[in-house]
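Chains, contacts and geometry: an overview
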Amino acid sequence: MTNRTTFVKMLLATGALAALSACGGSRDEVKADLAASKVTTIGVNAYLWRASLDTLSFAPLVQADSNGGVIVTDWYTNPANPGERMKVSVAILDQDLRADALRVSASREVSQGGVWVASPVQAATIQKLEGIILTRARELRRDALTG
């Protein structure tokens, strides 16, 4: 090997090492990357997904599809009100942490003469569930950022 070839190889190696050391980034950049909404192995926003599961943990789950972003609970009866039961569905529609990426729906039934009869769900109930999920998702993201 000639001196010129050896020199070129050393120059290239030095340049590669310099480039790699510049990629180190700061600790804050790593935290921000970990808290990014799209850093996930599931198909939807990880914070909305985790917050939805946390919020609905009171009820048994029938379906939880992280790729499709769908969570469906089984019928849940509050022990304080055994004549009423509720079923909740959550759809996460996006990978971004946004309010419009979340859709909550619910079904409610009341017992009349031992038979469950469909009954309307108050809009405020749905809004309250959405608010709880969004607040929890923001907390999870904030916690990921602050470490």
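Residues numbered from 1 in each chain as written. Predicted model: local features only at pLDDT ≥ 70, side-chain atom pairs only at ≥ 80, totals over all residues. Heavy atoms only, no water.

Focus: the nonpolar core
What counts is decided by this rule: To qualify as a nonpolar core, a set must consist of buried Ala, Val, Leu, Ile, Met, Phe, Trp, Tyr and Cys residues joined through side-chain atoms within 4.5 Å. Buried residues are those whose accessible area, probed at 1.4 Å on protein chains only, stays under 20% of the maximum for their type, while exposed residues exceed 50% and partly exposed ones sit between those limits. Secondary structure follows DSSP: runs of H or I at least 4 residues long count as helices, runs of E at least 2 residues long count as strands, and numbering of each begins at the N terminus. Residues count as neighbours in contact if any of their non-hydrogen atoms are within 4.5 Å of one another.
Formed by 21 residues in total, the largest nonpolar core has its most connected members in L48, W49, V90, I92, L102, V104 and I133. Looking at this core, the elements that each hand over two or more residues are α3 (46–55), β4 (84–92), β5 (102–112) and α4 (123–146). In terms of residue count, α4 provides more of this core than any other element does, 6 residues in total. Setting aside its immediate chain neighbours within four residues, I133 contacts L48, A51, S52, T55, V90, L102 and V104.

Remarks on the packing of aromatic side chains
What counts is decided by this rule: Aromatic rings from Phe, Tyr and Trp, with only the six-membered ring used for Trp, were paired whenever their centres fell within 6.5 Å, and each pair was classed as stacked if the ring planes differed by under 30 degrees, edge-to-face if by over 60, and tilted otherwise. Here, a charge over a ring is recorded when the distance from Lys NZ or Arg CZ to the ring centre is within 6 Å and its angle to the ring normal is within 35 degrees.
According to the stated counting rule, one finds 1 aromatic pair in the structure shown. Considering the side-chain rings of F58 and Y76, the 4.9 Å spacing of their centres and the 75° angle between planes classify their relative orientation as edge-to-face. Linking F58 in the loop between α3 and β1 (61–65) with Y76 in strand β3 (residues 76–77), this pair joins segments that are 18 residues apart in sequence. Judged by relative accessible area, Y76 falls into the partly exposed class, the value being 25%. Across from the ring centre of W75, 4.5 Å away, lies the NZ or CZ of R85, which sits over that ring.

A short note on the pairing of strand β6 (residues 115–119)
A regular strand carries its side chains on alternate faces of the sheet. We count it as follows: Whether two strands pair comes down to DSSP finding at least two bridges between them.
Pairing of β5 with β6 involves 5 bridges; the strand directions are antiparallel. Across the sheet, the residue bridging to R108 is S119, located in β6. Between the antiparallel neighbours β5 and β6 lie 2 residues, among them G113 with a positive phi of about 65°.

Regarding the confidence of the model for the protein
Here is the rule we go by: The quantity known as pLDDT measures the predictor's confidence residue by residue, on a range of 0 to 100.
Mean pLDDT over the protein works out to 82, with 72% of the residues at or above the 70 mark. The spread of mean pLDDT over the elements of the protein runs between helix α1 (residues 3–22), the lowest at 44, and strand β2 (residues 70–73), the highest at 98. With pLDDT under 50 throughout, residues 3–26 is counted as low confidence; its partners more than four residues away or in other chains account for 2 contacts.

Re the pairing of β2
Strand direction decides the pairing type here: β1 and β2, joined by 4 bridges, are antiparallel. Residue pairing for β2: A64 is matched across the bridge by I71. Following β1, the chain reverses through 4 residues before pairing antiparallel with β2; G69 in that reversal takes a positive phi of roughly 75°. When β2 meets β4, the two strands line up antiparallel, connected through 3 bridges. Its bridge partner being in β4, I71 is matched across the sheet by V90.

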